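Breakdown of the fold
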Amino acid sequence: QEVLVVWRYLPAFSLCIIVKMATKEVFASAKRLRNNLLRISFVLIPMVAVVAFLIAQSVSSPITELTQISRTISEGDLSARAKISTKDEIGELAASFNQMTDSLVKAKNNLEQKRVELEEQKGLLEAANRELDSFVYTVSHDLGAPLRGIDGLAKFLEDDYIDKLDKQGKDYLSKIRLGANHMKELIDDLLNLSRISRIKNPYENVDMKELINSVISRIEFDIKEHKVELKIPENLPVVRCDKIKIAEVFLNLINNAIKFSSKIKDTHPKVHIGYNDKKDVHEFYVRDNGIGIDNKYHEEIFGIFKRLHKQEEYEGTGAGLSIVKKIIDDHKGSIWIDSELGKGAAFYFTIPKEITRIKKLGELLIEAGHVSEKDVKIALKKQGVYVDMDEV
């Protein structure tokens, strides 16, 4: 039979030892061990599989549930809550998730309350603005009559009794008339500001070249008198806007450009009207070579009756730029100035290209019942378009 043999030589005895053993006997114990391990494995593997499946289920099921609940909450149902079935890490995660949802509900309620408060405040502010505009209009209108009486009486004195007054009396009379005229200008400007807020002219497609030419014709005498070098671009767009109010914008800006560049010695006023076609807006500007404006006054000059010079130096009430800004704000545009002291000034303003079409589209969607007015406003604000649906 087959055997395994090991031998070793013993020098001291000049002999060798040989050990031999049957191969079957040697591997018998290994075979028994292998068979026992296979039997144990056949029993353990199903048990391990069952335990692993149960453990996986205990972990994945709550996570799957949390995923489904999070999807439900993301769809707007904040009443969904995760079930807390264990006290291990999964249970703690579910509890934290529920706390987060509770905080979200609380935050949403607070936000909704704030929104309601803001809407109420907005309504009160709009009502206050309407009352203020009405008050300004009424007061300005009522002040006109007595002011005309004062100026008329002063003129009668000047015409009929000027010879009976001494030098001081004539000076007083002159100051009365100057003050009355200045007051009349202030009242007229107040009425203009009030009219801008009260009157909503329909938007129309306006050829800006024709509009600017019509404005130039209104001040043609001043242009010739001051020898103004006027530059107007040939290619100007058709813009959808309030024609009357935008004409007022150009009139004020061009008048200012002439006024503040006409008193510089040894030079003629230069007025450049320009246009830049931007992606979402029409950008216009009126540039002059006048006295310029210090950077620290670039925001202040748009305030009501804000003047940087004395009445004796430059005529006017200082309301012109306030009127311009109000008109541009009503068109949802922007206005700013680029100027340095002594280096002229450039007034830029923009008019959105699509605002009227978008507002009309919003109105049609609301009437059709597809969306609410709130949804339209939110969607427009996300695109950077701010509109008042009452103006549609």
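Before reading on, note that the structure itself is shown above.
Overview of the structure. Just so we're clear, the structure is a prediction, and the values are computed from it rather than from any experiment. The numbering scheme is per chain: residues are counted from 1 as the chain's sequence reads. Local features in this predicted model are restricted to residues of pLDDT 70 or higher, and side-chain atom pairs are both shown and tallied only at a pLDDT of 80 or more, whereas totals for entire chains, interfaces and linings draw on every residue. The side-chain values count all of the structure's non-hydrogen atoms but skip hydrogen atoms and water molecules.

Further remarks concern the overall build of the protein chain. Under the DSSP-based scheme used, a helix requires at least four consecutive residues in state H or I and a strand at least two consecutive residues in state E, with every element numbered from the N terminus. Summing up its helical and strand segments, the protein chain has nine helices and nine strands in all. A 1.4 Å probe rolled over the protein chains alone gives each residue an accessible area, and that area as a share of the maximum for its type sets the label: buried under 20%, exposed over 50%, partly exposed in between. The buried share of the protein chain, taken over its 392 residues, is 29%. A separation of at least 24 residues holds for 63% of the contacts in the protein chain among residues at least 6 apart in sequence. Using a 1.4 Å probe, accessible areas were evaluated by the Shrake-Rupley method; residue-level cover was limited to the displayed protein chains. Just so you have it, the protein chain exposes about 26600 Å², and 57% of that area is on carbon and sulfur atoms. Any two residues whose heavy atoms approach within 4.5 Å are treated as being in contact.

What follows deals with the sheet that holds strand β7 (residues 281-288). A pair of strands counts as paired when DSSP detects no fewer than two bridges linking them. Taken in spatial order, the five strands of this open sheet run β4-β6-β7-β9-β8, and their pairing is mixed. This sheet does not close on itself; its edge strands, each paired only once, are β4 (229-231) and β8 (335-339). Within the sheet, the average angular offset between the axes of one strand and its neighbour, ignoring direction, is 15°. Where β8 lies against strand β9 (residues 345-352), five bridges are found, and the strand directions are antiparallel. Looking at the pairing, Ile 337 lines up with Phe 347 of β9. Each axis is a line fitted through C-alpha atoms, and for a helix only the stretch in contact is used; angles between axes span 0 to 180 degrees, taken between their N-to-C directions.

Within β9, eight of the eight residues are buried, leaving the element largely enclosed by the surrounding structure. Of the two faces of β9, the one lined by Ala 345, Phe 347, Phe 349 and Ile 351 and the one lined by Ala 346, Tyr 348, Thr 350 and Pro 352 are each fully buried. Relative to β9, β7 is paired through eight bridges, and the arrangement is antiparallel. Each bridged residue has a counterpart across the sheet, and for Glu 283 the counterpart in β9 is Thr 350. A loop of five residues connects β8 with β9, the two strands running antiparallel in sequence, and Gly 342 in this loop sits at a positive phi of about 85°.

Attention now goes to unusual backbone geometry. Its identity is not glycine, yet Ser 14 carries a phi of approximately 55°, on the positive side. Looking at the secondary structure, you find Ser 14 in the loop between β1 (3-10) and β2 (15-22). In this structure Ser 14 comes out as exposed when scored by relative accessible area, which is 54%. In this structure, Lys 332 is a non-glycine residue whose phi angle is positive, near 65°. Locating Lys 332 in the fold gives a position in the loop between α7 (320-330) and β8.

This part is about the packing of helix α6 (residues 243-259) against α7. Packing of α6 against α7 leaves a shortest axis separation of 9 Å and a crossing angle of 145°. Read as a crossing pair, α6 and α7 show a hand that is left-handed. Here α6 contributes Lys 245, Ile 246, Glu 248, Val 249, Asn 252, Leu 253 and Asn 256 to the contact with α7, which in turn contributes Gly 320, Leu 321, Ile 323, Val 324, Ile 327, Ile 328 and Asp 330. When residues are sorted by character, Ala, Val, Leu, Ile, Met, Phe, Trp, Tyr, Cys and Pro go into the nonpolar class, Asp, Glu, Lys and Arg into the charged class, and all the rest, Gly among them, into the polar class. In terms of residue class, the contact of α6 with α7 is built from eight nonpolar, three polar and three charged. Here a crossing is taken to be left-handed if its near helix is turned anticlockwise relative to the far helix by less than a right angle, and right-handed if that turn runs clockwise.

Before going further, it helps to spend a moment on the pattern of salt bridges. Salt bridge, as applied in this entry: a Lys or Arg side-chain nitrogen positioned within 4 Å of an Asp or Glu carboxyl oxygen. Scanning the entire structure with this criterion turns up eight salt bridges. Residue Asp 171 is joined to Lys 175 by a salt bridge in which the shortest nitrogen-to-oxygen separation is 3.5 Å. With Asp 171 and Lys 175 both in helix α3 (residues 167-198) and four residues apart, this pair spans about one turn of that helix. Given the relative accessible area of 36%, Asp 171 is considered partly exposed.

Another aspect to go through is a nonpolar patch on the surface. Each patch is assembled from residues with relative accessible area greater than 30% and no salt bridge, linking like charges that lie within 9 Å and nonpolar side chains (Val, Leu, Ile, Met, Phe, Trp, Tyr) that lie within 5 Å. Residues Leu 33, Leu 37, Ile 40, Val 43, Leu 44, Met 47 and Val 48 make up a contiguous nonpolar surface patch of about 670 Å² in total accessible area. Mapped onto the fold, Leu 44 is located in helix α1 (residues 23-74).

Position of Lys 325 among the secondary structure elements: in helix α7. Accessibility expressed as a relative area gives 30% for Lys 325, which makes it partly exposed. When near neighbours in sequence (up to four residues on either side) are disregarded, Lys 325 contacts Phe 302 and Ile 335.

All right, on to the packing of aromatic side chains then. Pairs were defined over the aromatic rings of Phe, Tyr and Trp, the Trp ring being its six-membered one, requiring ring centres within 6.5 Å. Orientation was assigned from the angle between planes: stacked under 30 degrees, edge-to-face over 60, tilted for the rest. In this structure the tally under the stated criterion is six aromatic pairs. For the pair Phe 250 and Phe 349, a centre-to-centre distance of 5.4 Å together with 70° between the ring planes defines the contact as edge-to-face. Of this pair, Phe 250 sits in helix α6 while Phe 349 sits in strand β9, and the two are 99 residues apart along the sequence. The exposure class assigned to Phe 250 is buried, which follows from its relative accessible area of 0%.

Among the residues of helix α4 (residues 208-218), those classed as buried are Met 208, Lys 209, Leu 211, Ile 212, Val 215 and Ile 216. Summarising the axial view, the buried residues of α4 lie within an arc of 165°, below the 170-degree limit, and thus occupy one face. For α4, exposure combined with an orientation more than 90 degrees from the buried face picks out Glu 210 and Arg 218. Here a polar contact is taken to be a pair of N or O atoms separated by no more than 3.5 Å, where protein atoms must pair a possible hydrogen donor with a possible acceptor and residues adjacent in sequence count only if both atoms sit in side chains. Of the residues that open α4, the one with a side-chain oxygen 3.0 Å from the backbone nitrogen of Lys 209 is Asp 207. Each direction from the helix axis to a C-beta atom contributes to the arc, which is the arc of those directions.

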